[in-house]
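Architecture and fold: a report
If you want the building blocks of each chain, they are given just below.
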Amino acid sequence: MNHRATLMGLVGTGVTPSLTPPMHMAEAHAQGLNLLFRPLDLTTLGLEPERLPEILDWAERLGFDALNITHPCKQSVIPLLDRIDPLARALGAVNTVLLTPSGRVGYNTDTTGFEGAFRGGLGGVHTKSVVLLGAGGAGSAVADALIRVGTRLLTIVDLDTQRAEQLAQDLDGRHSSAADGPRIRSASMGALPELLATADGVVHCTPVGMHDHPGIPFPAELLRPELWVADIVYRPLETQLILAARALGCRTLDGGAMAVGQAVDTFRLVTGRDADATRMHQHFQSLVNDEEARSETWRSQK
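So, here's what we can say about the structure. (Residues numbered from 1 in each chain as written. Predicted model: local features only at pLDDT ≥ 70, side-chain atom pairs only at ≥ 80, totals over all residues. Heavy atoms only, no water.)

1. Re the sheet that holds strand β10 (residues 201-204)
- If you trace the six strands from one edge of the open sheet to the other, you get β9-β8-β7-β10-β11-β12, paired in parallel fashion. Both edges of this open sheet fall to β9 (183-187) and β12 (252-253), since each of them pairs with a single strand only.
- On top of the sheet, helix α6 (residues 137-148) reaches β7 (129-133), β8 (153-157), β9, β10 and β11 (228-231); it is set at about 170° to β7, its chief contact.
- Seen against the sheet, helix α9 (residues 240-248) touches β10, β11 and β12 and runs at an angle of roughly 160° to β11. (Pairing = 2+ DSSP bridges. Helix = DSSP H or I, 4+ residues; strand = E, 2+ residues; numbered from the N terminus. Contact = heavy atoms within 4.5 Å. Axes fitted to C-alpha atoms, helices over the stretch in contact; angles between N-to-C directions.)

2. Details of the nonpolar core
- One finds F114, V142, L146, L154, I156, V203 and W228 to be the most contacted residues of the largest nonpolar core, which totals 29 residues.
- Breaking this core down by element, the ones donating at least two residues are α5 (109-121), β7, α6, β8, α7 (161-175), β11 and α10 (255-271).
- Ranked by the residues each element gives to this core, the list is headed by α6, at five residues.
- Beyond its immediate chain neighbours, meaning those up to four positions away, F114 contacts V142, A145, L146, V203, A230, L253 and M258.
- Membership of the second largest hydrophobic core comes to 24 residues, among which are A28, L35, A66 and V105. (Core = buried A, V, L, I, M, F, W, Y, C linked by side-chain atoms within 4.5 Å. Buried < 20%, exposed > 50% of the residue type's maximum accessible area, 1.4 Å probe, protein only.)

3. Focus on the environment of Y234
- With respect to the helices, strands and loops of the structure, Y234 is situated in the loop between β11 and α9.
- Once the C-alpha coordinates of Y234 and A257 are considered, the two residues, 23 residues apart in sequence, prove to be 8.7 Å apart.
- Look past the residues within four positions of Y234 in its chain and what remains in contact with it is L19, G255, G256, A259, F284 and V288.

4. As for the pattern of salt bridges
- Taken as a whole and judged by the stated rule, the model has 16 salt bridges.
- The partner of R104 in a salt bridge is D57, and the shortest N-O contact between them spans 2.7 Å. Highlighted residues: R104 in strand β6 (residues 103-107) and D57 in helix α3 (residues 52-61), separated in sequence by 47 residues.
- For R104, the salt bridge goes to E60, with nearest N and O atoms at 2.9 Å. Taken together, the positions of R104 in strand β6 and E60 in helix α3 put the pair 44 residues apart, joining distant regions of the chain.
- Relative accessible area serves as the criterion here: at 9%, R104 is assigned to the buried category.
- Residue classification places E60 among the partly exposed positions, given a relative accessible area of 35%.
- In the salt-bridge network here, residues are joined through shared partners; they are E115, R119, D144, R148 and R174. (Salt bridge = Lys/Arg side-chain N within 4 Å of Asp/Glu carboxyl O.)

5. Section: the pairing of β8
- The buried count for β8 comes to five of five residues, which makes it a mostly enclosed element.
- Side chains L153, T155 and V157 of β8 all project onto a buried face; the interleaved residues L154 and I156 project onto the opposite face, where all are buried too.
- As defined by bridge partners, β7 adjoins β8 across five bridges and the pair is classed as parallel. Bridge pairing in β8 places V131 opposite T155.
- This β-α-β element, β7 to α6 to β8, shows right-handed connectivity.
- Looking at chain direction, β8 and β9 are connected through five bridges and run parallel. Looking at β9, one finds that T155 is bridged to R185. (Right-handed = clockwise from strand over helix to strand, strands pointing away.)

6. Observations regarding the pairing of strand β5 (residues 96-100)
- Among the five residues that make up β5, four are buried, leaving the element largely enclosed by the rest of the structure.
- Where β5 lies against β6, five bridges are found, and the strand directions are antiparallel. The residue of β6 that forms the bridge with T96 is Y107.
- Taking the residues that link successive antiparallel strands as the turn, the β5-β6 hairpin has two residues.

7. Focus: the state of the cysteines
- Overall, the coordinates contain zero disulfides when judged by the stated rule.
- For C205, which is in no disulfide, the shortest distance to another cysteine sulfur is to C250 and amounts to 17 Å.
- For C205, a relative accessible area of 9% gives the class buried. (Disulfide = S-S within 2.5 Å.)

Now the structure itself:
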């Protein structure tokens, strides 16, 4: 076993309960690697996001090899880096930073993670017309991946129609220069019935369905068996949307797929080793199950 530990940190607000660190450490252990992954929770530490420049300096001085960056620092970290992967630069968001002897290098494994998860979990589905619900940071990463897997018409829907329009314009500027480039447009929530009636698939990228935001992002009556459905929410894994889609016979992709996909890509960047995606997904599932069991026990004791 390599006794020189690789030291990673997860920087963001409210990250202490994240499943990402234990998932990485379990995979490293399975491969005989010594990896320590610590949450650097800005909330717990009493640090404002504006202290990010100092946090990166501290991480370097303390010997961290890499950092995962999450909300609200994925954009603000960019000016603090020495080099940025072209894909991350195009997205305007970085979620993985390697702290190397030659400088800080930024990547975005949210978008590559969703792409890998999609190809593995929904391989062979039609992607001519796809609806993306949610134009935030996650939606931006997913949108780029959807275009790379062959989406020809991408319709972005968000409660904030201006945000949806802005994301559509940004994507169009990056991907529609070629004569045969994809069509990218925005639409209002009110257009969903018409859009989902003809789309090949829908990807949900809003907080609706999370434990703290229970519910379903649109009426289940808009689903149909021919429509594939992907959700990026993974707490819980079986959201109301995923359950309703499965009940109809839709092909589905739950939020764990993207969570594991980005972890697989980050693990490769940091360690130089290919992760066993199946093993990581199994461990992730066990972590989620344990968390659900603890929550159920807590609720029963109230």
